[in-house]
Amino acid sequence: MAFRLDVGWRRRTLNSPALPTGATVLDIAAGTGDLCRELEHRGLAPIALDLSAGMLAHARTNAPRVQADARFLAVGTGSVDGVTCGFAVRNRVDLELCFKEMARELKPGGTLDQPEVAAPTNPTLRFGHRLASGPVGA
């Protein structure tokens with residue numbers, strides 16, 4: 001859907017701001033583990049979190065995997081240095097609760113990075129985006 005542009009967007013997200021080597025990063029909606037692998041390559045310690053047990057079972061990462069809802073994260077308060085949620089905000093129904101949970105998980109001074117894809121302004125591309133994305137808010 002993003003013509004592999006998402007690879008560069010993930011890398012840009014992970015380059016700013018920099019976390020120290022060994023920092024723990026919670027990857028919400030980890031899916032196939034793409035962000036977790038990038039985090040591991042940068043010397044960080046990711047935790048893959050996803051609502052889908054199937055996605056976690058097939059994730060290509062060595063990170064610990066946790067099945068949980070983004071509205072009720074299964075990680076302790078103030079326990080992670082960073083939180084990321086790549087290209088999944090559009091799938092959240094209760095954004096306020098999700099963001100509160102992400103903030104609760106972060107240590108003071110922690111970072112939250114969320115790459116996301118908005119609907120294109122070009123009508124033809126927007127139509128294709130709508131077909132590929134499915135219903136928003138599901």
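Engineer: I'd like a description of the nonpolar core, backed by residues and values.
Structural biologist: What tends to happen in soluble globular proteins is that the nonpolar side chains get buried as a cluster. Core analysis: the biggest nonpolar cluster contains 14 residues, and L26, I28, L49, L73, V80, V83 and M102 have the highest contact counts within it. Looking at this core, the elements with two or more residues in it are strand 1 (24-28), strand 2 (45-50), strand 4 (80-84) and helix 4 (95-105). Beyond its immediate stretch of four places on either side in the chain, L26 contacts I47, L49, L73, V75, V80, G82, V83, T84 and E105. With 5 residues, the next largest nonpolar core counts A30, C36, A48 and L56 among its residues.

Engineer: Go over the sheet that holds strand 1, please, and point to the residues and values.
Structural biologist: A sheet is described by the order of its strands in space; here 5 strands give the open sequence 3-2-1-4-5, paired in parallel fashion. The open sheet is flanked by strand 3 (65-67) and strand 5 (106-113), the only strands paired with a single partner. Recorded for the sheet is a direction-independent mean angle of 25° between the axes of neighbouring strands. Across 3 bridges, the pairing between strand 2 and strand 3 is parallel. By the bridge assignment, A48 is partnered in strand 3 with R65. In the packing of helix 2 (residues 34-41) onto the sheet, contacts are made with strand 1, strand 2 and strand 4, and the angle to strand 2 comes to roughly 170°. Sheet strands in contact with helix 4 are strand 1, strand 4 and strand 5, and its direction is about 130° off that of strand 5.

Calculation notes
Residues numbered from 1 in each chain as written. Predicted model: local features only at pLDDT ≥ 70, side-chain atom pairs only at ≥ 80, totals over all residues. Heavy atoms only, no water. Core = buried A, V, L, I, M, F, W, Y, C linked by side-chain atoms within 4.5 Å. Buried < 20%, exposed > 50% of the residue type's maximum accessible area, 1.4 Å probe, protein only. Helix = DSSP H or I, 4+ residues; strand = E, 2+ residues; numbered from the N terminus. Contact = heavy atoms within 4.5 Å. Pairing = 2+ DSSP bridges. Axes fitted to C-alpha atoms, helices over the stretch in contact; angles between N-to-C directions.

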